[in-house]
Amino acid sequence: MPHSLQRLPDPYRPEATVVADRLQSLQGALDWAGAAAVAAPWVAAVRRNPPPFWAMESLLKEYPISSAEGLALMRLAEALLRVPDAETAIALTADQLSRADFEGSPENALSRLSHSAIALSKRFLPGDGAQAEGGVLARLGARTVVGATLRAVQLLGRQFVLGQDIAEAMREAAGARRRQANLRFSYDMLGEGARTAEDAARYLAHYEDAIAAIARAAQPGAAVQGNDGISIKLSALHPRYEALQRDRVLSELVPRVWTLCRRAAQANINLTIDAEEVDRLELSLEVFEALAARVAQEHPQWHGFGLALQAYQTRAVELVAHVAQVARQHGLRFMCRLVKGAYWDAEIKRAQELGLPHYPVFTHKHHTDASYLACARALLEAQDVIFPQFATHNAGTIAAIVQMARRTGAKFELQRLHGMGEGIYREVLRDPELACRVYAPVGQHRDLLAYLVRRLLENGANSSFVHQLADESVGMDALLRSPLHLAAQPSLPLPPQLYGAVRPNSRGLDLAVASSRAALEEAFAQADVPAVAPADPAQVPQAVQRALAAGHAWERTPVEHRASVLRDAADAMQADLPRFCALLVKEGFKTWGDAVAEVREAIDFLRFYASEAERIMQPVPLPGPTGESNVLRLTARGPWVCISPWNFPLAIFTGQVAAALATGNTVLAKPAEQTPAVALEAVRLLHAAGVPADALQLLHGPGETVGAALVAEPRIAGVVFTGSTQVAKTIQRALAAKDGPIVPLIAETGGINAMLVDSTALPEQVADAVVQSAFRSAGQRCSALRLLCVHEAVADTVIAMIQGAARELVAGDPAQWRTDLGPVIDDDAWSNLQRHLQRLQREATPLLAPSPFEPGTRLLAPQAFEVKSLEDVRHEIFGPVLHVVRWGGDPREVIAAINRVGYGLTLGIQTRIDSRAEALAREARTGNVYVNRNMIGAVVGVQPFGGEGLSGTGPKAGGPHYLQRFCAEQTLTINTTAAGGNVALLA
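Residues numbered from 1 in each chain as written. Predicted model: local features only at pLDDT ≥ 70, side-chain atom pairs only at ≥ 80, totals over all residues. Heavy atoms only, no water.

(A) Region of the structure containing the overall build of the protein chain. On a plain count of helices and strands, the protein chain comes out with 34 helices and 25 strands. Against the 2.2 N^0.38 benchmark of 30 Å for 987 residues, the protein chain shows a C-alpha radius of gyration of 31 Å, consistent with a compact globule. Principal axes of the C-alpha set define a box for the protein chain whose edges measure 95 × 70 × 70 Å. Among the 987 residues that make up the protein chain, the fraction classed as buried is 60%. Just so you have it, the protein chain exposes about 38,100 Å², and 53% of that area is on carbon and sulfur atoms. (Helix = DSSP H or I, 4+ residues; strand = E, 2+ residues; numbered from the N terminus. Rg over C-alpha atoms; globule rule 2.2 N^0.38 Å. Buried < 20%, exposed > 50% of the residue type's maximum accessible area, 1.4 Å probe, protein only. Areas by Shrake-Rupley, 256 points an atom, 1.4 Å probe, with all protein chains shown as cover.)

(B) Molecular detail of the environment of Gln 444. For Gln 444, the position within the fold is in the loop between strand E8 (436-441) and helix H17 (445-458). For Gln 444, a relative accessible area of 42% translates into the label partly exposed. Separated by 279 residues in sequence, Gln 444 and Asp 165 have C-alpha atoms that sit 7.3 Å apart. Residue contacts for Gln 444: discarding those within four places in its chain leaves Gln 164 and Leu 449. Looking at Gln 444, its side chain comes within polar contact range of the main-chain oxygen of Gln 164, at 3.4 Å. (Contact = heavy atoms within 4.5 Å. Polar contact = N/O pair within 3.5 Å; in protein donor to acceptor, adjacent residues only side chain to side chain.)

(C) Quick look at the sheet that holds strand E18 (residues 845-846). On the basis of which strands lie adjacent, the open sheet formed by seven strands has the order E18-E19-E20-E17-E16-E22-E23 and mixed pairing. The strands lining the two open edges of the sheet, one partner per strand, are E18 and strand E23 (928-931). Where strand E17 (residues 785-791) meets strand E20 (residues 881-887), five bridges bridge the pair, whose relative direction is parallel. Among the inter-strand pairings, His 791 is bridged to a residue of E20, identified as Trp 887. The strands that helix H32 (residues 891-901) touches are strand E16 (753-757), E17, E20 and strand E22 (906-910); relative to E16, the one it contacts most, it runs at about 175 degrees. (Pairing = 2+ DSSP bridges. Axes fitted to C-alpha atoms, helices over the stretch in contact; angles between N-to-C directions.)

(D) Geometry of the pairing of strand E5 (residues 334-339). Here E5 lies mainly inside the structure; six of its six residues are buried. Residues of E5 alternate between two faces, with Phe 334, Cys 336 and Leu 338 on one and Met 335, Arg 337 and Val 339 on the opposite face, all of them buried. Pairing geometry for strand E4 (residues 305-310) and E5, over five bridges, is parallel. Counterpart to Gln 310 in the pairing with E5 is Val 339. One crossover worth recording links E4 to the parallel E5 by way of helix H12 (residues 316-330), and it is right-handed. (Right-handed = clockwise from strand over helix to strand, strands pointing away.)

(E) Quick look at the nonpolar core. Formed by 114 residues in total, the largest nonpolar core has its most connected members in Tyr 187, Leu 271, Phe 305 and Ile 424. The element contributing the most residues to this core is helix H10 (residues 246-267), with 10 residues. In terms of nonpolar packing, the next biggest core, distinct from the first, is built from 68 residues, Ala 595, Cys 642, Ala 695 and Tyr 962 among them. (Core = buried A, V, L, I, M, F, W, Y, C linked by side-chain atoms within 4.5 Å.)

(F) Seen up close, the packing of helix H2 (residues 32-48) against helix H15 (residues 395-408). The interhelical angle for the contact between H2 and H15, taken along N-to-C directions, is 125 degrees, at an axis separation of 8 Å. Taken together, the axes of H2 and H15 lie oblique to each other. Crossing of H2 against H15: the hand is right-handed. Across the interface between the two elements, Trp 32, Gly 34, Ala 35, Val 38, Ala 39, Trp 42 and Val 43 from H2 touch Ala 395, Gly 396, Thr 397, Ile 398, Ala 399, Ala 400 and Gln 403 from H15. Looking at the contact of H2 with H15 residue by residue, the class counts come to 10 nonpolar, four polar and no charged. (Parallel < 35°, antiparallel > 145°, perpendicular 65-115°, else oblique. Left-handed = near helix turned anticlockwise from the far one by under 90°. Nonpolar A, V, L, I, M, F, W, Y, C, P; charged D, E, K, R; others polar.)

(G) Here's a closer look at the side chain of Gln 313. On the secondary structure map, Gln 313 appears in the loop between E4 and H12. With sequence-adjacent residues up to four places away left out, Gln 313 is seen in contact with Glu 276, Val 278, Leu 281, Pro 360, Val 361, Phe 362 and Ser 371.

(H) Structural context of the packing of aromatic side chains. Inspection of every chain in the model, using the stated rule, returns 14 aromatic pairs. Seen from their ring centres, Phe 185 and Tyr 187 are 6.1 Å apart, and the 15 degrees between their planes marks the pair as stacked. The same class applies to Phe 185 as to Tyr 187, namely buried. Plain terms: the ring middles of Trp 640 and Phe 966 are 4.5 Å apart, the flat faces sit at 40 degrees to each other, and that makes the pair tilted. Linking Trp 640 in strand E11 (residues 639-643) with Phe 966 in the loop between strand E24 (948-949) and strand E25 (967-975), this pair joins segments that are 326 residues apart in sequence. Of the two residues examined, Trp 640 and Phe 966, each falls in the buried class. (Phe/Tyr/Trp six-rings, centres within 6.5 Å; stacked < 30°, edge-to-face > 60°.)

(I) Spatial organisation of the pattern of salt bridges. Summed over the entire model, instances satisfying the criterion amount to 55 salt bridges. Across the pair Glu 318 and Arg 13 runs a salt bridge whose closest N-O atoms are separated by 3.7 Å. Taken together, the positions of Glu 318 in helix H12 and Arg 13 in the segment before helix H1 (15-26) put the pair 305 residues apart, joining distant regions of the chain. For the salt bridge of Lys 340 with Asp 369, the shortest nitrogen-to-oxygen distance reads 2.8 Å. Note that Lys 340 is positioned in the loop between E5 and helix H13 (344-354) and Asp 369 in helix H14 (residues 365-381), a separation of 29 residues in sequence. Residue Lys 340 shares its accessibility class with Asp 369, and that shared class is buried. It is possible to trace a salt-bridge network through shared partners that takes in Arg 13, Asp 21, Arg 22 and Glu 318. (Salt bridge = Lys/Arg side-chain N within 4 Å of Asp/Glu carboxyl O.)

In structure tokens, the structure reads:
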């Protein structure tokens, strides 16, 4: 993929530096005290005449999202309408209502009535609130409660969703206009982004129908600002709306969106491209510019095209400047909606997970508010090419915008979300010069409510003014406090400090940023895969002897020094991350995203085990009688054989080696035959950091010869192995057959990893998790999803979404940015997969088309098969192959069946019933359980990794118990009275 122009600054800059610039830009442009004085009467009027109890502000006051009651109701709203079967609906309702206390005494009569109804409802539900009587009465009671709860959630949906189709929404909008003048509407037709081509086509049709309906009511000759408009989400119109799919997006999506723009222009209505996540911003701008050029060519008089801008991004002011520049370049005028932002939690988490240097969004609420005002000033100053639309529910912000706009004479409009801010805008719109556009979601409650509630849950902090407005204990000065001040430090630890001062988080790269891709491409062009000389099995005894000779000095080296060596190695690997990524792509056929993640994991292993060694290698005083000293200490065992796999040739190799070295052992490392070059480079790096050459020796060669000779050597102190269960058993038998000491074996093997999906799970979330877990890394992960168990009530919907999403994946050259699946590792792996697939074609129902690639490429597109029962899946298939089975009844029986298979590595659970997730996790005999997320990518020290049964011996790699297995224990007891008396007693 050719580099697209990076239009904006790097998103990961120091927050304080950015905010200082924003505050500087507002000097002399805004009198906050004056704005607060204007806003105060609005607030006072709302508090004197509060919104009705069903309005969103009142709901948030009665049931704050930070409370157990508010969270329970929001989670019911998110999930209950989706549940098709009564049993699960009852379980979900009972689970959520049991987690909150609805026995309190709220203030108004209607709220007291709702409280009492909910509290009474709990008594008819199973679980903690169930009564002694059972049978038909309790059963009918539970169903009645769920029915009532459903109706309550539907009522809540009316507060979020203007209409379930565009006709209903426009009727509601007409009624609202009769009640309040100066209202305009921007209809938002959907929530979730497309996962499949079918989704994208359906959403496009919804947009086309909506534009046609809005056009019929529009005034062709009026200013476009006076007409209603539509908001569209680009990720809803393409299933792969991602930076790394840029070429495909530009060729497929831009023509699709242009059809909507053309119709909106012909109808003289506003069309706004909604905001997306940070990693899509540059791509959104590229699409926006392509469309702007087409507008300039075919509809230059249309001033209704626009973009939503998120003020919580650190690049927001620069974004305003860039959009204005595009308008001037093409001689256009845009309508731009300024919002505070919709994905704050997700952006914070992503930056932490990727190990980025800073957050792309502000961590302080008042910093976002200051950025919003700086963006507002920039938009107002660009009035020649931008008609600004300010979306906010904050009275102080509204007053500040009005003040700045009247100083410049710029025309503008205000915006609010349907269901929120009605009280404030009732007061604001008493000024006839002001107009407000309502952002109005349109769609089925069961689809849109889930999306909107998650946005509300995610952005509770960003809605703090709405929360505090209804809370009269918050004084006027506090509510309207100026945001124009700088907090020197972020409110959260930066991603590099995620794990505290002792262990820095490894730094990663955001591949959506062009400069990051350029650094990796440069490394790839320069990287050579070094040749690695094979070891002679006959030389293994000499290698062991050298390890023994080096072991005495290495063990006697203070643990602090050994830890320092490993940390130096980690720093060196961090500095050389692009080259190691390039080696993984060239030798191990990793995709770029997987390569970056693997180098980071190796760095994390080095740092984590350095810290853990310092912790556990300290002597531990033990209690005992007076006159005696008792100390427990750990000591090294001697030379360890480390046998690592090809699927993580750097991370697992480095983790094994680092664990042995940190605890004072020496290492004889045998990498996988397919990937010795990456291992050689890791060994060179460790030697350069200070590990003695004989304390770490690389012995490359076949497992049948070199590996077998190492395992059979009588002087080795232990074996750590990651690979197949069959090879682990071979090693186990070989160690047991030797005379001499009993040698420990740490084995991590694969598994038939399952995911259980119940009918409360969100299909889009399930599809994302399944596609990532089953097909990422071409399915060549120990933790990869092999068996999907999906509830029969939702199976058709979920399977169809997974089928569509899997078809969108790209198998190809891993060096290409667009590639999702590289080739399987070698011809043997290819042949094994083909044999399994031939058997599945005969015995199961194919869900995806056979892979079209030639054997020489070793490329395999995602494969999926529906099997009749869970027991039909008995063997692990190490590739992008998914088995699907439907289930009904008790989910505990499904877990029991999974346990009987005998593997126990990873398990996924997708449910909104918290108590069910906890109960199923307790029943599962697996090392790692993941709830409502994917099942891969365990992070060192966060999700220690390893299984049981046929999936390994434990302890868990990257966990607090791992290093102890590399050590022997010694208790030292000293009779302190032998020298002539117990000084402690005398004292």
